[in-house]
Amino acid sequence: MKNKFLITFLVFLAATALLGILSIASNSLGDTGTKILSTCAIISFSSVLAMICSIFIEKKEYRVAGVGGICMSLFSGFFAISCVIFEPRQDGFLRLGFAFALAAVAYVHCLGLYIPKLRDGFSWVQLLAVIINALFYGQILLALILGSGKIISMTLVGSNAVLVAFGTLAVPIVSKITGGNDRASENRELKLSLVAENQY
């Protein structure tokens, strides 16, 4: 499945790059070309999110979360493409499109924090980082849905953004320091079976 996502991502990334080069070379893209370029860019971005979620499909305990992330990525992508193609003039419809896209990014961001393995006793770092991310994205989503930037304080959003960056970096660093990614290898055993004389 990951190979299919990779191929799809590369195809649309190449199409986006080609259209971008042609638009720069011709200095005229036009309305149709702009829509095609935007659609390819949206599909490429959605493919990246879905590809990250596909990592968790191979992990039994995170399989449902991975499938949910892929569905969210695809749905937000289709919704954004519909906004590009049909050009709705309703402000609420556009805000809803941005909200879906931001929700997909937030979900994948939080899910991605569980890619590094942390040793027992350090899993609270991942949980704390997820909570900080949820608060940060939740503030922006609330402002998008209700359509008012006065609901949240930009100072608070800026402070949370710094915490989000810190938490995102802290998880892999703690995993590296504590050797969390080596947990699985510690419990592996190599078993040899004699299949023929001097052959195992």
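Residues numbered from 1 in each chain as written. Predicted model: local features only at pLDDT ≥ 70, side-chain atom pairs only at ≥ 80, totals over all residues. Heavy atoms only, no water.

**Observations regarding the packing of aromatic side chains**
Worth spelling out the cut-off: Aromatic pairing here means that ring centres of Phe, Tyr or Trp (its six-membered ring) are within 6.5 Å. Orientation follows from the plane angle: under 30 degrees is stacked, over 60 is edge-to-face, and everything else is tilted. Each residue is placed in one exposure class: buried if its accessible area under a 1.4 Å probe, protein chains only, is under 20% of its type's maximum, exposed if it is over 50%, and partly exposed if it falls in between. The way it works is that DSSP assigns letters per residue, a run of H or I at least four long becomes a helix, a run of E at least two long becomes a strand, and they are numbered from the N terminus.
Taken as a whole and assessed by the stated rule, the structure comprises six aromatic pairs. On the basis of an interplanar angle of 80 degrees and a centroid distance of 5.7 Å, the ring pair of Phe56 and Tyr62 is categorised as edge-to-face. Look at Tyr62 and you get partly exposed, because its relative accessible area is 22%. A centroid spacing of 6.1 Å and a plane angle of 40 degrees characterise the contact between Tyr62 and Tyr114, whose relative ring orientation is tilted. With Tyr62 in the loop between α2 (30-54) and α3 (63-86) and Tyr114 in the loop between α4 (91-112) and α5 (123-146), this pair connects stretches of sequence that are 52 residues apart. An aromatic cluster of at least three residues, connected via ring pairs, comprises Phe56, Tyr62 and Tyr114.

**Structural notes on α5**
Under the convention used in this document: By this rule, a helix spans an expected 1.5 Å times one less than how many residues it contains.
The end-to-end C-alpha separation of α5 is 35 Å, in line with the 34 Å expected for 24 residues at 1.5 Å each. Of all the positions in α5, only Val125, Gln126, Ala129, Val130, Ile132, Asn133, Phe136, Tyr137, Gln139, Leu141 and Ala143 are classed as buried.

**Examining the environment of Ala104**
For clarity, the threshold we go by: Here, residues are in contact when the closest pair of their heavy atoms is within 4.5 Å.
Its place among the elements puts Ala104 in helix α4. On a C-alpha basis, the gap between Ala104 and Ser76 in space is 6.8 Å, while along the polypeptide they are 28 residues apart. Residues within four places of Ala104 in sequence aside, it is in contact with Leu49, Met72, Ser73 and Ser76.

**Here's the deal with the environment of Gly69**
Its place among the elements puts Gly69 in helix α3. What makes Gly69 buried here is its relative accessible area of 0%. Each C-alpha atom of the pair Gly69 and Ser54 lies 8.4 Å from the other, and the pair is 15 residues apart in sequence.

**Examining the confidence of the model for the protein**
Operational definition: Per-residue confidence from the predictor is reported as pLDDT, which spans 0 to 100.
In this model, the protein carries an average pLDDT of 76, and 74% of its residues clear a pLDDT of 70 or more. Under a pLDDT of 50 for its full length, residues 182-187 has, in the predicted model, five contacts with residues more than four places off or in other chains.

**Quick look at the packing of α4 against α5**
Counted only if it meets this: Where helices are involved, their axes are fitted lines through C-alpha atoms of the stretch in contact, as for all axes, and angles between N-to-C directions lie from 0 to 180°. An angle below 35 degrees is read as roughly parallel, one above 145 as roughly antiparallel, one from 65 to 115 as roughly perpendicular, and any other as oblique.
Contact pair α4 / α5: the axes reach a minimum separation of 9 Å and the direction vectors enclose 175 degrees. Relative to α5, the element α4 lies roughly antiparallel. Here Arg95, Phe98, Ala99, Leu102, Ala103, Val105, Ala106, His109 and Cys110 of α4 lie close against α5, whose contacting residues are Val130, Asn133, Ala134, Tyr137, Ile140, Leu141, Leu144, Ile145 and Leu146.

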